[in-house]
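In case you want the letters, here they are:
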Amino acid sequence: MRYASVALDIPTRALEGTFDYAAPAALGPALAVGATVLVPFSHRAAVGYVMAVSDEPPANVSAQQILPVAQVLAAPAFDDASARVASWMARAYACPLCDAVRPFLAPGQKVKVTRPSPDAPWELVSEKAGPRDARWASLTPEANDFTPTRAASRQRAVIAALAAGPQRVSELSATIPGAASAVGALAKRGVVAVATRRELRGIESTSLSSAAAPRPARLTDGQVEALAAIGRARAAAFGDVVLVDGVTGSGKTEVYLAAIERALADGQGALVLVPEISLTAQTVGRFRSRFGEEVAVLHSRLSVGERFDQWDLVRQGRAHVVVGARSALFAPLASPGLIIIDEEHEGSYKQDKSPRYHAREVAARMAAERGCALVLGSATPSLESLERCREGRFSGAAWTRVKMPERPGTAALPQVTVVDMAEQFRGGGRSIFSAPLVRALEGVVERREKAVLLLNRRGFANFLMCRECGCVPECPHCSTALTYHERTHALVCHTCARSWPVAAYPDPSTRCPNCGSRYLAAFGVGTQRVEDELGMLLPEGVEVIRMDADTTRSKGAHQRLLERFDAAECAVLVGTQMIAKGLDFPEVTLVGVINADTMLKLPDFRAAERTYDLLEQVAGRAGRGARAGEVVIQTYWATHPAMRAVATHDRATFLAPELAERAEAGYPPFARLANVVVWGRREAMVREVSAAFADAVRARTEGLAGWEVLGPADCVKARAKDQVRRHVMVKAPADADLGGVLRGCAASIRRPVGSNMAVDIDAYDLM
Ligand code: ADP
Ligand code: ZN
Ligand code: ZN
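Here the structure is a predicted model, which is why all the values come from computation and not from measurement. (Residues numbered from 1 in each chain as written. Chains lettered and ligands numbered in written order. Predicted model: local features only at pLDDT ≥ 70, side-chain atom pairs only at ≥ 80, totals over all residues. Heavy atoms only, no water.)

(A) View of the nonpolar core. Ranked by size, the top nonpolar core spans 125 residues in total, and within it Phe 78, Leu 329, Phe 693 and Leu 742 carry the most contacts. Residue contacts for Leu 329: discarding those within four places in its chain leaves Leu 271, Leu 273, Ile 339, Ala 359, Val 362, Ala 363 and Met 366. (Core = buried A, V, L, I, M, F, W, Y, C linked by side-chain atoms within 4.5 Å. Buried < 20%, exposed > 50% of the residue type's maximum accessible area, 1.4 Å probe, protein only. Contact = heavy atoms within 4.5 Å.)

(B) Examining the environment of Arg 529 more closely. Checked against the element boundaries, Arg 529 lands in helix 14 (residues 527-537). What makes Arg 529 partly exposed here is its relative accessible area of 38%. Through-space distance from the C-alpha of Arg 529 to that of Ala 379 is 31 Å; in sequence the pair is 150 residues apart. (Helix = DSSP H or I, 4+ residues; strand = E, 2+ residues; numbered from the N terminus.)

(C) Structural view of the side chain of Lys 252. Relative to the assigned elements, Lys 252 resides in helix 7 (residues 252-265). One buried charged residue, Lys 252, forms no salt bridge at all, with the nearest opposite charge on Asp 342 at 5.8 Å. A polar contact of 2.8 Å, which involves the side chain of Lys 252, links it to the backbone oxygen of Gly 246. Non-local contacts of Lys 252, meaning those with residues more than four positions away in its chain, are made with Val 244, Gly 246, Val 247, Gly 377, Ser 378, Ala 379 and Met 404. (Lys, Arg positive; Asp, Glu negative; His and termini not counted. Salt bridge = Lys/Arg side-chain N within 4 Å of Asp/Glu carboxyl O. Polar contact = N/O pair within 3.5 Å; in protein donor to acceptor, adjacent residues only side chain to side chain.)

(D) Representation of unusual backbone geometry in the model. That bond from Pro 668 to Pro 669 is cis: its omega, 10°, falls within 30 degrees of zero. When you line up the elements, Pro 669 lands in the loop between helix 18 (651-665) and strand 30 (671-680). Here Gly 711 and Pro 712 are connected by a cis peptide whose omega angle stands at 10°. Its identity as a non-glycine residue notwithstanding, Ser 42 has a phi of 35°, on the positive side. Along the chain, the position of Ser 42 falls in the loop between strand 3 (36-41) and strand 4 (44-54). The exposed category is assigned to Ser 42, whose relative accessible area is 54%. Of note in this structure, Glu 343 is not a glycine but carries a positive phi near 55°. In this fold, Glu 343 is placed in the loop between strand 15 (336-342) and helix 10 (359-370). On the accessibility criterion, Glu 343 (8% relative accessible area) is buried.

(E) Representation of the pairing of strand 31 (residues 708-720). Here strand 31 pairs with strand 32 (residues 723-733) via seven bridges, running antiparallel. By the bridge assignment for strand 32, Ala 713 is matched with His 727. (Pairing = 2+ DSSP bridges.)

(F) Structural context of the state of the cysteines. Applying the stated criterion across every chain, the model contains zero disulfides. In this structure Cys 95 is a free cysteine whose sulfur lies 8.3 Å from that of Cys 98, the closest cysteine sulfur available. Owing to a relative accessible area of 3%, Cys 95 belongs among the buried residues under this scheme. What makes Cys 98 buried here is its relative accessible area of 1%. (Disulfide = S-S within 2.5 Å.)

(G) Representation of the sheet that holds strand 19 (residues 415-420). The parallel open sheet is built from six strands, whose spatial order is 19-29-28-20-27-26. Edge positions in the sheet fall to strand 19 and strand 26 (543-547), since each has one partner strand and no second. Going from strand to strand, the sheet's axes swing by 15° on average, the running direction of each strand aside. Here strand 28 (residues 588-593) pairs with strand 29 (residues 630-635) via four bridges, running parallel. Within strand 29, the position partnered with Gly 592 by the bridge is Val 632. This element, helix 17 (residues 641-648), spans strand 19 and strand 29 of the sheet and lies at about 150° to strand 19. (Axes fitted to C-alpha atoms, helices over the stretch in contact; angles between N-to-C directions.)

(H) Looking closely at the UniProt feature "binding site: Zn(2+) 2" (unreviewed entry) in the protein. According to UniProt, the feature "binding site: Zn(2+) 2" (unreviewed entry) maps to Cys 475, Cys 478, Cys 493 and Cys 496 in the numbering used here. Structurally, Cys 475 is set in the loop between strand 21 (465-466) and strand 22 (483-485). Residue classification places Cys 475 among the buried positions, given a relative accessible area of 3%. (UniProt positions renumbered as here; feature names shortened; annotations may be inferred.)

(I) Looking closely at the site of ligand 1. Near ligand 1 lie 16 residues; those nearest to it are Arg 218, Gln 223, Lys 252, Thr 253 and Arg 286. Note that a nitrogen atom of ligand 1 is positioned 2.7 Å from one of the backbone N or O atoms of Arg 218. Between ligand 1 and Gly 251, the relevant distance is 3.0 Å, taken from an oxygen atom to a main-chain nitrogen or oxygen of the residue. Against a free-state accessible area of 560 Å², the protein chains account for coverage of 77% of ligand 1. The dominant element in the shell around ligand 1, judged by the number of residues it contributes, is helix 7, at three residues. Partitioned by chemical class, the residues of the shell around ligand 1 number four nonpolar, six polar and six charged. (Near = heavy atom within 4 Å. Areas by Shrake-Rupley, 256 points an atom, 1.4 Å probe, with all protein chains shown as cover. Nonpolar A, V, L, I, M, F, W, Y, C, P; charged D, E, K, R; others polar.)

(J) Local environment of helix 18. The end-to-end C-alpha distance of helix 18 is 21 Å, a good match for the 21 Å that 15 residues give at a rise of 1.5 Å each. Taken together, the buried residues of helix 18 touch helix 11 (383-391), helix 16 (607-619) and helix 17. Between the side-chain oxygen at the start of helix 18 and the backbone nitrogen of Ala 652 there is a gap of 3.4 Å, and the oxygen is on Asp 650. Looking one or two residues past helix 18, Gly 666 carries a phi angle of roughly 70°, positive in sign. (Expected span 1.5 Å × (residues − 1).)

(K) Expanded view of helix 8 (residues 281-291). Counting buried positions over the 11 residues of helix 8 gives eight, a clear majority of the element. Looking only at helix 8, the buried set comprises Ala 281, Gln 282, Thr 283, Val 284, Gly 285, Phe 287, Arg 290 and Phe 291. Against helix 7, strand 12 (269-273), strand 13 (295-298), strand 14 (321-324) and helix 15 (557-567) lie the buried residues of helix 8. Of the residues one or two after helix 8, Gly 292 is the one with positive phi, at around 50°.

Written out as structure tokens, the structure reads:
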């Protein structure tokens, strides 16, 4: 007899790990790790996932008591190593096991079951409408000797169409009325062959000129060194990590391509993660042009059917290179030799709903389980990764940093000018564009080149700012920037929850607390306004392309805009954060940042780091080709260390005091931080539950070094959809079992119906 341990997909019980069942021989080899099964559970049927199979009966249940698995609902979607990673995720992120398993399942698979009749077997309800097959028609050699009768005009049309090559019958029918029956008649005579082929839904292609990715004649010294380090990490087969710390345009992507080539030559595959936002046709095109059909692509802008097809290619072992967003990490690639995470510092690698995992951490665990190498790439590596490289080791694996400080060939890092907007204002400048930016734009137009303008939308218009000195009013009790709430015209402190009507701060006037100016405004510009003003500023014949949430809503719009930018002779691309990354257009010689500092005042300990990273990223779009690049950064905070560091591309100098502050205050990378949010309609209940939770953690960690509990306090978003939200923050030592402790505490308190709790470990954006 075999036995299966199963993770049930029942939210309430799911926290409690796996349940044991007998695996009847009749169910055969389909009942394996990774299979979705139907099992009896407290007098009803439940869906579950097989996490382990064993010949040994479970220790604490007698053979008579153990119930058999009823049915296999879906073939294995993951293997033993993935099952172990899922179990680790459930503990590390204090989430139900079934939540941790779900990312590994086939796209579109639902937990619900149905059956066509009471005697029929159960089936899983699926969103994807199954794999799709199509009928293809092609000419046979007999076609050479065949002449249709004069009356059979449809047959003639079909033969003429197929002379150019095989076609889908559905496509023939679209252009030739009655094509399907003509194909049928021709097939009977042996003139046309009809075959059913599995369709691949929606493969994108690209016409972007730079997508071709020619192999460089010579690798740079940095690239050679990076590849050698990756080779060593693969040979160690221990989940070792290589951090490729390379300036923008230094050829990191080329390193990935070369490393993947070697993995494929060794019969292994590769998982490549790219932030969703930079997963453009251009990025995909570079991988496709090198590895062709070996590449599967997975991201959320694909339909469920498309995602299923790509996922299935990987599972069948037909594609060995997976390029995708965060969730591509869970693709069923049998033997990865490499996991690559590009732009590893990106916050979007942290998932903001359960399982609230960080792709970097899961990838490190996965690499260790599978004995492959993890490659992290960034021009602005996360402080977490830098710290681990400095230590040389983390969680058993070796962490190595390779620097690539130069661009290949003659391309140099761009010249950066920081413009003090307060000074511009005092000098009479009232435009969105400062004088230096206008001059730079004029130069681009003269030389018929291209420019990119970034409008930073994060933290946008949430602060009241003095236009004369750039001062942002702070809470007198907390030294936290006050958030401006437009609807109530109030200033709110999100640390202590005090609030002031704008007119009453800091005394009954609307003057700047710093310089007394009356120009205190939550002034905001949108991309639309930048586009309009550019239209007035620039001469005719310069194309202005706007890229933001509005203009990229429809499918493929993102790519069409980039193709337009690529094709134009002289153009300006205006956009939000989505233009900051991944774009590689050699003709871009100017990058302008309209408002560099909106992020600096967010109640976020990473605000300065994130500002620097974004600016360095967007600056990296300039001067990637033979022509030199220029960057103009407009800010009200020209003296901020982040601004000064970007001007010299000197991140190390900027980071030193930043790291010292984090070490002092006990923030990551020197400690771990969890954010636990409690919400519900009844404020009293939310207060009670959040306080009980904070007390439980305090009691549990009392006297332990490095643990600290903050709160409960109102969330930054204190109210959402009529629900009151409060949070508790927990700091713990870098190697602590934070997930295990918080899960225990959450289970130990009374949680009345109507109260909700979310545990976010290694929180990135505070909810
Ligand atoms: P990153 O990923 O670090 O931003 P890329 O890999 O996109 O850098 O490289 C930037 C540009 O330099 C690309 O156009 C790429 O084709 C080119 N490139 C990369 N490596 C080399 C090399 N060894 N020699 C010449 N050109 C290179
Ligand atoms: Zn002022
Ligand atoms: Zn305050």
